[in-house]
Amino acid sequence: MRRPKIKVAVVYNEAQPEMYKKTSDAEVKDLEFKTYFEVDKTTPMEEYDYVVKKLVSVGFNAYTLNIRDNLELMLKNLKEDKPDVIFNFVEIYKDNPRLEMNVVGLFELLGIPYTGAPAMGLANCQNKILAKRLLSSAGIRIPHFFIVYARAARYTHNLNYPLLVKPAFEDASVGIENESIVNNNSQLRKRIEHVLKQFNQPALIEEFIEGRELNIAVIGDKRLKVLPISEIDFSTMPDHLHNIVSFQAKWDPHHESYHKTIPICPAILSMNIEKRAKELAFKAFKVMGCRDYARVDMRLSKDNKLYVLEVNPNPDITEGAGFMRSAHHAGMTYAQALKRIVKFALGRKNNLKSAEAPS
Ligand SMILES: Nc1ncnc2c1ncn2[C@@H]1O[C@H](COP(=O)(O)OP(=O)(O)O)[C@@H](O)[C@H]1O
Ligand SMILES: [Mg+2]
C-alpha cells in the first residue's frame, strides 16, 4: 500500500480577501520619474495558492486555510482536516501584529508542527525595544538609540544627528517615511510626537547609519545556512529622498522611492565583510530565537562597520521576495526551498525544540 501523502495546511490571515482590487496599468502611467518595477498584480490569496501548487509539485498534499480573523473557523478546520504540518503565514490577528505570536502559541498547544519561528522568537523581534536589548547584550553592534514613552517638555539625548524616529512595535516599514530622518531638536520633537500620537506606542530613536543596506537570509533549524547576500541599491535615489526602505519604498508603486530601492543579489562585497556579515547574521538569528528561516537586515557604514538594524523571523517568502531571490542564487528552486522549510517543521517531534543556544 502506498503511504499517504503528508498533508500541509498553508495557513494565513486575510480578514477581507475581497478588498484587494487589482491595480490597473493606467494607474501607474503618467508618473514624473522613471519606473523600475512593474506593478505586482498578484493578490496574497493568489500567492498562497501558488505556494500550495508548488508544495503539491514536490509531493505534498497541500491546501490553503485563510483564518479570516476567526479562531473558531481555524480550530474547526484544523480538527476536521487534520493537517500533519502547518506552513505558517499568519502575521497579524484582528489588525494587531502583536498577536502574531499567540497564533503560533495555539499551534503549539494543539501539538501541530508548524514552520518558522516559535512564539518566543516572534515576540523577541516584534518589540523593537526588546530586540535591541537582546542584540546588544549579545555583543552585536546596533545603532545607538533612546526611547520616548510619552510626550515631555524635553527629549534629552546624547546621540549624533541625523537620527531616525520609528514606532517601537510596528513592522514592514510602517511609520518609516522620509520625514522620519531628523537633523535637529525641533524636527526630532515633531516626529516623536507624531509617532506617539499616530501609533499610540513608544517612539524609538536611532542614530541614522549612512551606508549600504544588506539583507542576509538564513535558513535552517539545527544547522543553519546563510544564503547569498542581497543589497538594496540606492544609487538612483534623488537628492530630496533619503536612502532608506521607507513605507512608500516598500509598498507604493506610485512613489518614486519604490523604483529607487533596487535589490541586487549577490551583493559585491569583500571576502572579509561577507564573512563577517554571515557570522553576524548567524549569531543574530540564534540570539533572537528564530527558526527555519529569517532575514537579518544590516547596514555597512562608510567606515566598514556592520550594524544589525533588525531581525525578521518568517520574512516574506513569496516568489520574487528578497529571501527567495537569495535562495535561487544558492541554487534552490522555489518548490525546493518551500519543501526544505516544511521538512524542518516535520523533523521536530515537538514544536518546542528549536535551534541550539548560541555558543
Ligand atoms: N538606524 C538606521 N540607520 C539607517 N537606516 C535605517 C535605520 N533604521 C531603519 N532604517 C531604514 O528603515 C528601514 C526600515 O527600518 P526597520 O527598522 O527595518 O523597520 P521595519 O521593521 O518596519 O522593517 C530599513 O530597511 C532602513 O532602510
Ligand atoms: Mg525592516
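Now for a description of the structure that goes with this document. (Residues numbered from 1 in each chain as written. Chains lettered and ligands numbered in written order. Predicted model: local features only at pLDDT ≥ 70, side-chain atom pairs only at ≥ 80, totals over all residues. Heavy atoms only, no water.)

Structural notes on the overall build of the protein
Condition: Under the DSSP-based scheme used, a helix requires at least four consecutive residues in state H or I and a strand at least two consecutive residues in state E, with every element numbered from the N terminus. For the radius of gyration, the atom set is restricted to C-alpha positions; the globular benchmark scales as 2.2 Å times the number of residues to the power 0.38. Using a 1.4 Å probe on the protein chains alone, a residue whose accessible area is under 20% of its type maximum counts as buried, one over 50% counts as exposed, and one in between counts as partly exposed. Residues count as neighbours in contact if any of their non-hydrogen atoms are within 4.5 Å of one another. Using a 1.4 Å probe, the Shrake-Rupley method yields the accessible areas, and only the shown protein chains count as cover for residues.
Looking only at helices and strands, one finds 11 helices and 13 strands in the protein. Relative to the 2.2 N^0.38 estimate, which gives 21 Å for 359 residues, the radius of gyration of the protein is 21 Å and therefore close to what a compact globule would have. C-alpha extents for the protein along the principal axes are approximately 70 × 55 × 45 Å. When burial is assessed residue by residue, the protein has 52% of its 359 residues classed as buried. Long-range pairs, those at least 24 residues apart, make up 70% of the contacts in the protein between residues at least 6 apart in sequence. Surface accessibility of the protein: about 18200 Å² in total, with carbon and sulfur atoms responsible for 51%.

Structural notes on the site of ligand 1
This is how the line gets drawn: Here a residue is considered near a molecule or strand provided that any single heavy atom belonging to it is located within 4 Å of it. Polar contacts here mean pairs of N or O atoms no more than 3.5 Å apart (in protein, one a potential hydrogen donor and the other a potential acceptor; neighbouring residues in sequence count only if both atoms are side-chain atoms). For this scheme, ten residues count as nonpolar: Ala, Val, Leu, Ile, Met, Phe, Trp, Tyr, Cys and Pro. Four count as charged, namely Asp, Glu, Lys and Arg, and the remainder, Gly too, count as polar.
Around ligand 1 there are 20 residues in total, and Lys128, Lys166, Ser173, Glu206 and Glu213 lie nearest to it. Measuring from a nitrogen atom of ligand 1, one finds a backbone N or O atom of Ile209 at 2.9 Å. With respect to ligand 1, the backbone of Val245 contributes an N or O atom lying 2.9 Å from an oxygen atom. Relative to its unbound accessible area of 540 Å², ligand 1 is 98% covered by the protein chains. Among the residues making up the shell around ligand 1, the classes are represented as 10 nonpolar, 1 polar and 9 charged.

Overview of the packing of helix 2 (residues 44-57) against helix 11 (residues 334-347)
Just so we agree on the cut-off: A fitted line through C-alpha atoms serves as each axis, taken over the contacting stretch for helices, and the angle formed by two N-to-C directions is quoted from 0 to 180°. In this scheme, roughly parallel covers angles under 35 degrees and roughly antiparallel covers those over 145, while 65 to 115 is roughly perpendicular and the rest are oblique.
Packing of helix 2 against helix 11 brings their axes to within 9 Å, and their N-to-C directions diverge by 85 degrees. As far as their axial angle goes, helix 11 and helix 2 are roughly perpendicular. Contact residues: helix 2 offers Tyr50, Val51, Lys54, Leu55 and Ser57, while helix 11 offers Tyr334, Ala335, Leu338 and Val342. Split by residue class, the contact of helix 2 with helix 11 holds 7 nonpolar, 1 polar and 1 charged.

Some points on the sheet that holds strand 6 (residues 181-182)
Note the cut-off: For two strands to pair, DSSP has to find at least two bridges joining them.
Pairing is antiparallel in the open sheet, where 4 strands are placed in the order 4-7-5-6. Every other strand in the sheet has two partners, leaving strand 4 (145-148) and strand 6 as the edge strands with one partner each. Here strand 5 (residues 163-167) pairs with strand 7 (residues 203-207) via 5 bridges, running antiparallel. Residue pairing for strand 7: Leu163 is matched across the bridge by Glu207. In the packing of helix 7 (residues 185-199) onto the sheet, the strands contacted are strand 4, strand 5, strand 6 and strand 7, and the crossing angle to strand 5 comes to about 10 degrees.

Notes on the sheet that holds strand 1 (residues 7-12)
Strand order in the open sheet formed by 3 strands is 2-1-3, and the pairing between neighbours is parallel. Each of the sheet's edge strands pairs with one partner strand only, and the pair in question is strand 2 (61-66) and strand 3 (85-88). Sheet twist, expressed as the mean angle between neighbouring strand axes with direction ignored, is 25 degrees. The sheet contact formed by strand 1 and strand 2 spans 6 bridges and is parallel. Residue Val11 lies in a different strand from strand 2, and its bridge partner there is Leu65.

Overview of the pairing of strand 8 (residues 211-220)
Extensive coverage of strand 8 is indicated by the burial of 8 of its 10 residues. Pairing of strand 8 with strand 12 (residues 292-301) involves 10 bridges; the strand directions are antiparallel. In the strand pairing of strand 12, Ile216 is matched with Val296. With 3 bridges joining them, strand 8 and strand 10 (residues 230-233) adopt antiparallel strand pairing. Among the inter-strand pairings, Asn215 is bridged to a residue of strand 10, identified as Ser230.

Some thoughts on the pattern of salt bridges
The condition that has to hold: Any Lys or Arg side-chain nitrogen found within 4 Å of a carboxyl oxygen on Asp or Glu counts as a salt bridge.
Tallied over the entire structure, the rule returns 18 salt bridges. A salt bridge links Glu206 to Lys166; the shortest N-O distance between them is 3.1 Å. Of this pair, Glu206 sits in strand 7 while Lys166 is found in strand 5, placing the two residues 40 residues apart along the sequence. In this structure Glu206 comes out as buried when scored by relative accessible area, which is 4%. On the basis of relative accessibility, which here comes to 9%, the residue Lys166 falls in the buried class.

By themselves, these figures tell us nothing about what the structure is for.
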